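# Coordinate analysis (summary)
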Amino acid sequence: MEQNKDISMENGKSSLTLENRKKMTLNGVSEIISFNEDQILLITVLGNMDIRGEDLKMTKLDVQNGDVVITGRISYVVYTTDEKKPRKQNGILSKVFR
């Protein structure tokens, strides 16, 4: 049964449920980077996640299964990556400044 959970984490399956900006349920979490009452940084199967708010608490933490429940006043949630995207070089400004 543990192998099935590892397989689902590798397949990139994840879910996020936010209830009234006070309770967030996440699946697909592979690691907790840092947390305090104002910010929580996670690594999920879909990328890094930055969660910000007030009085944030992790009421459930099951990293083995990838489940996390966060309570508090959630005001900001974003997926981040470390990858640098190449800039487009075919815009009108790039043609003018050649």
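Predicted model, so just to flag it, every value in this text is computed and none were measured.

## Let's talk about the pattern of salt bridges
- Taken as a whole and judged by the stated rule, the model has 1 salt bridge.
- We note a salt bridge from Asp50 to Arg52, for which the minimum N-O separation is 2.8 Å.

## Brief notes about the pairing of strand β6 (residues 67-80)
- Of the pairings in the sheet, the one linking strand β2 (residues 23-27) to β6 comprises 5 bridges and is antiparallel in character. Bridging from a neighbouring strand, Asn27 pairs with Asp67 of β6.
- Where strand β5 (residues 47-62) lies against β6, 12 bridges are found, and the strand directions are antiparallel. The residue of β6 that forms the bridge with Arg52 is Tyr76.
- Following β5, the chain reverses through 4 residues before pairing antiparallel with β6; Gly66 in that reversal takes a positive phi of roughly 85°.

## Looking at the confidence of the model for the chain
- When pLDDT is averaged along the chain, the result is 81; 70% of the residues meet or exceed 70.
- Within the chain, helix α1 (residues 2-10) has the poorest average pLDDT of any element, 45, and β2 the best, 96.
- Low pLDDT (under 50) marks residues 1-9, which in the prediction has 9 contacts with non-local residues, meaning those over four places away or in another chain.

## Some points on a nonpolar patch on the surface
- A cluster of nonpolar side chains, Leu16, Leu18, Leu46, Val77 and Tyr79, forms an exposed patch at the surface whose accessible area comes to about 410 Å².
- Elements represented by at least two residues in the nonpolar patch include exactly β1 (15-19) and β6.
- Relative to the helices and strands, Val77 is located in strand β6.
- Assessed through its relative accessible area of 34%, Val77 is described here as partly exposed.

## Overview of the nonpolar core
- In terms of nonpolar packing, the biggest core is built from 12 residues, these being Met24, Leu26, Val29, Ile32, Ile40, Leu42, Met49, Ile51, Leu56, Val68, Ile70 and Ile74.
- Ignoring any residue separated from it by four or fewer positions in sequence, one finds Ile32 in contact with Leu41, Leu42, Met58, Leu61, Val63 and Val68.

## Observations regarding the sheet that holds β2
- Pairing within the open sheet is antiparallel, and its 6 strands lie in the order β1-β2-β6-β5-β4-β3. Looking at which strands have only one partner, the edges of the open sheet turn out to be β1 and β3 (29-35). Neighbour-to-neighbour, the strand axes of this sheet turn through a mean angle of 35°, independent of strand direction.
- Sheet topology note: the β1/β2 ladder contains 5 bridges and is antiparallel. By the bridge assignment for β2, Leu18 is matched with Met24.

Conventions adopted
Residues numbered from 1 in each chain as written. Predicted model: local features only at pLDDT ≥ 70, side-chain atom pairs only at ≥ 80, totals over all residues. Heavy atoms only, no water. Salt bridge = Lys/Arg side-chain N within 4 Å of Asp/Glu carboxyl O. Pairing = 2+ DSSP bridges. Helix = DSSP H or I, 4+ residues; strand = E, 2+ residues; numbered from the N terminus. pLDDT = per-residue confidence, 0-100. Contact = heavy atoms within 4.5 Å. Patch = residues over 30% accessible without salt bridge, like charges linked within 9 Å, V, L, I, M, F, W, Y side chains within 5 Å. Areas by Shrake-Rupley, 256 points an atom, 1.4 Å probe, with all protein chains shown as cover. Buried < 20%, exposed > 50% of the residue type's maximum accessible area, 1.4 Å probe, protein only. Core = buried A, V, L, I, M, F, W, Y, C linked by side-chain atoms within 4.5 Å. Axes fitted to C-alpha atoms, helices over the stretch in contact; angles between N-to-C directions.

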